[in-house]
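Overview (structure and organization)
Here's the letter readout for the chains.
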Amino acid sequence: MRPVEPKRIGVFALQGDVSEHISAMKNAVRSLGYEYEVITIRNKDELESVNAAILPGGESTTIYRLLVNFGLYDLLKERCLDTKMPVFGTCAGMVLLAKEGDEQVRKTETRLIGLVDAKVRRNAFGRQKGSFETAVEIKGLNEPFPAVFIRAPAYEKSWGRAEVLSTFRNNIIMAKQRNVLVSAFHPELTNDIRVHELFLKMVEA
Amino acid sequence: MVFELDLKKLRFGTELLKRGFAKMQKGGVVMDVTNDEQARIAEEAGAVAVMALERVPADIRAEGGVARMADPQMIVKIIETVTIPVMAKCRIGHFAEAQILSTLGVDMVDESEVLTPADPFDHVYKKDFIIPFVCGCRNLGEACRRIGEGAAMIRTKGEAGTGDVVEAVRHMKTLNREIAHLKDLGDEGMKDYASEINAPLDVLHEVKKMGRLPVVNFAAGGIATPADASLMMQLGCDGIFVGSGIFKSGDPALLANAIVEATTHFDDPQILAKVSKGLGAAMKGQQAGDIPEEERLQYRGW
């Protein structure tokens, strides 16, 4: 089944900060003057119907289990690899899109979707009391970006086709690999829509 | 929202980080656990977080005595066992328990009426803490007072340990009705209503502007089945706390998994029917209406 007009961006609505991503994406669509519908994805039909998808922040183990239990895991992987569907993952999404995991990923028996040539470390900055806000520089953006890290992961190394877009104290906090964009922080929690615009431009390209 | 774009400065414990943490829990199920083994089962079933406590509410009810913060040794064990966030309960007003929980690395504190209240005058002043708090409420006034003190997340009080969902429904519907009432109020009306329900005016204005609580709002207190979870989600809750329900049931892992799926697919009756099948015995429970008023946990706190 091919996506039909109007073009659609879907946010996985299994668990996490879904509504924040929807409103950020709607604002980005409006700001760039594109015509996209923004919908939620909870089943295969919805996933089949979108041109691009967002994996929101939340708990990666929970989101992983729900992706698998409802048959979305394989379909997502397939669509990203075969049709090069653009996908944007924040925080939990960044964990799931990495190729290699750490001890926590092994412990929870999470099979990573594995689209970015990188090794992820979950909770790279510690528990909630270590969560922080700061400004970061991002390749492709002229001004610093307000980054909100909540029990955030990071990529400790990358290789192959992964392109690093931002680092913070030697941790990779934003990266891109062809049709895949990931960030360790939560652009959807701020009013700054530049990262969502960046993703939209990838979708439009 | 003001955000300083200073590349060198790091800020911890801000309102955005506290409320943001709660947002990451949305659409999820937080499960009460009393030991590391239960925590592992909860994580495997797809819980977004576990709530560490000494005894589940049903046992506190049955056994009586003073209910306090869980043993720090057990909390640490749970933290070491699971990768998901660990929450823990402190007594109402017991800021020293909250300080200890924060030091242990607990991700969120539940200032809970399920434990025996420690302060007859004040709740914990939550803005003093780096880690976020969740607090119970029965109505809008109570929710606003807690948010005014710094709560980053609200939950209905319901009637914990009963397995009877009626009080959670009562509290959620009361909240919804009171929030809807704000729509028609002008500035003077807002002032009068704030004093009527004893709510901080600035928080009440935030609620009116957003048409909902400015923080994530979960259901708690009596949720025992996937259908209960769906009911509360359909009433507008952002997620679910399950206390005694899971580990007082015949097959905790199976029920936990079913409640997780019911919370995600709360508006799909076909999935709800499927996950509700063959769950074995739910907790027996106790009708909330049979409990004498002075023994109801929801009247603790104010």
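Below or above, wherever it landed, is the structure these notes cover. Just so it is clear, the model here is predicted, and its values are computed rather than measured.

**What about the interface of chain B and chain A?**
Counting from both sides, the interface comprises 51 residues of chain B and, opposite them, 48 residues of chain A. The largest share of the area that chain B buries against chain A comes from B:Leu7, B:Met24 and B:Thr83, three residues that together contribute 18% of it. Our count for the contact surface shared by chain B and chain A stands at 6 salt bridges. Across the contact surface, chain B and chain A share 27 residue pairs in polar contact (both at pLDDT 80 or more). Within the residue set of the side of chain B that touches chain A, elements represented by two or more residues are strand 1 (11-12), helix 1 (15-23), helix 2 (36-45), helix 4 (72-81), helix 5 (95-104) and helix 12 (252-264) of chain B. When residues in the side of chain B that touches chain A are grouped by element, the largest group, 6 residues, is from helix 1 of chain B.

**Some remarks on the layout of surface pockets**
Roughly 1,300 Å³ of internal volume is contained in the largest pocket. If you go around the largest pocket, you meet 45 residues; those closest to its centre are A:Glu20, B:Lys23, B:Lys26, B:Met210 and B:Pro214. Looking at the lining of the largest pocket, the elements that each hand over two or more residues are helix 1 (18-32) of chain A together with helix 1, helix 6 (140-148), helix 9 (201-210) and helix 12 of chain B. When residues of the lining of the largest pocket are assigned to their parent elements, the largest contribution, 6 residues, is made by helix 1 of chain A. Taken together, the residues of the lining of the largest pocket break down into 18 nonpolar, 13 polar and 14 charged.

**A few points about the pattern of salt bridges**
Residues and elements named next belong to chain B. Enumeration according to the criterion identifies 34 salt bridges over all chains in this entry. For Glu 113, the salt bridge identified is with Arg 155, shortest N-O distance 3.0 Å. Here Arg 155 lies in strand 7 (residues 153-156) and Glu 113 lies in the loop between strand 5 (108-112) and strand 6 (133-137), a separation of 42 residues in the sequence. Taken as a pair, Glu 113 and Arg 155 share a single burial class, namely buried. With its nearest N and O atoms 2.9 Å apart, the salt bridge here joins Arg 170 to Glu 167. Linking Arg 170 with Glu 167, this pair stays in helix 7 (residues 166-182), spanning 3 residues, or about one helical turn. Overlapping salt bridges, with partners in common, bring together Lys 89, Asp 110, Glu 113 and Arg 155 in one network.

**So, the nonpolar core**
In terms of nonpolar packing, the biggest core is built from 151 residues, with B:Leu140 and B:Met232 touching the most fellow members. In this structure, B:Met24, B:Val30, B:Met108 and B:Ala220 belong to the second largest nonpolar core, which totals 20 residues.

**Describing the packing of helix 6 of chain B against helix 7 of chain B**
All names here are of chain B. Orientation of helix 6 relative to helix 7, taken along the N-to-C sense of each, is 80 degrees, at an axis distance of 9 Å. It follows from the interaxial angle that helix 6 and helix 7 lie roughly perpendicular. Seen from helix 6, the contacting residues are Leu 140, Gly 141 and Ala 143; seen from helix 7, they are Leu 175, Glu 178, Ile 179 and Leu 182. Among the residues making up the contact of helix 6 with helix 7, the classes are represented as 5 nonpolar, 1 polar and 1 charged.

**Looking at empty space enclosed by the protein**
Applying the stated criterion to the full structure yields 3 cavities of 30 Å³ or more. Counted as a void, the largest cavity has a volume near 180 Å³. Along the walls of the largest cavity sit 22 residues, with B:Asp32, B:Pro57, B:Ala160, B:Gly221 and B:Gly243 positioned nearest its centre. Where the lining of the largest cavity is concerned, the elements lending two or more residues are strand 9 (239-242) and helix 11 (244-247) of chain B. Tallied by class, residues from the lining of the largest cavity come to 8 nonpolar, 8 polar and 6 charged. Space inside the second largest cavity adds up to approximately 140 Å³. Taken together, 15 residues make up the lining of the second largest cavity; nearest its centre are A:Gly58, A:Glu59, A:Cys91, A:Asn123 and A:Arg151. The residue inventory of the lining of the second largest cavity, partitioned by class, reads 7 nonpolar, 5 polar and 3 charged.

**Digging into the sheet that holds strand 3 (residues 49-52) of chain B**
Strand order in the closed barrel made by the 8 strands is 2-3-4-5-6-7-8-9 (chain B), with parallel pairing throughout. Between one strand and the next, the sheet's axes are offset by a mean angle of 30 degrees, whatever the strand orientation.

**Considering helix 1 of chain B**
Among the 9 residues that make up helix 1 of chain B, 7 are buried, leaving the element largely enclosed by the rest of the structure. When helix 1 of chain B is considered as a whole, its buried residues turn out to be B:Leu16, B:Leu17, B:Lys18, B:Arg19, B:Gly20, B:Phe21 and B:Ala22.

Here is what the cut-offs are and how they apply
Within every chain, residues take consecutive numbers counted from 1 along the sequence as written. The order in which chains are written sets their letters, starting at A; the order in which ligands are written sets their numbers, starting at 1. At least 70 in pLDDT is required for a residue's local features to be given in this predicted model, at least 80 for side-chain atom pairs to be given and counted, and no such filter applies to totals for whole chains, interfaces and linings, which use all residues. Derived side-chain values reflect all non-hydrogen atoms in the structure, with water molecules and hydrogen atoms excluded from consideration. By definition in these notes, contact holds between two residues if any of their heavy atoms fall within 4.5 Å. A simple way to read buried area is as the amount of 1.4 Å-probe accessible surface that goes missing from two parts once joined, with both sides added. Each reported salt bridge corresponds to a side-chain nitrogen of Lys or Arg within 4 Å of a carboxyl oxygen of Asp or Glu. Contacts described as polar in this section are N or O atom pairs within 3.5 Å, which, within protein, must combine one atom able to donate a hydrogen with one able to accept it, while residues neighboring in sequence count only if both atoms come from side chains. A run of H or I in DSSP counts as a helix once it spans at least four residues, and a run of E counts as a strand once it spans at least two, with each numbered from the N terminus. Points on a 1 Å grid over protein atoms alone make up a cavity when a 1.4 Å probe fits among them but cannot get out, and a pocket when they form an open set with protein on both sides within 12 Å along at least five of seven lines; lining residues each have an atom within 4 Å of a point. Grid points are joined across faces, edges and corners, and a volume is the space filled by probe spheres set on the points. Residue polarity is assigned by list, with Asp, Glu, Lys and Arg as charged and Ala, Val, Leu, Ile, Met, Phe, Trp, Tyr, Cys and Pro as nonpolar; anything else, Gly included, falls into the polar class. Relative accessibility thresholds used throughout: buried, under 20% of the residue-type maximum; exposed, over 50%; partly exposed, between the two (1.4 Å probe, protein chains only). Note on terminology: a nonpolar core comprises buried Ala, Val, Leu, Ile, Met, Phe, Trp, Tyr and Cys residues joined through side-chain atoms within 4.5 Å. For helices, the fitted line uses only the C-alpha atoms of the stretch in contact; every axis is such a line through C-alpha atoms, and the angle between N-to-C directions lies from 0 to 180 degrees. For classification purposes, an angle smaller than 35 degrees is called roughly parallel, one larger than 145 roughly antiparallel, one from 65 to 115 roughly perpendicular, and anything else oblique. Pairing between two strands is assigned when DSSP locates at least 2 bridges connecting them.

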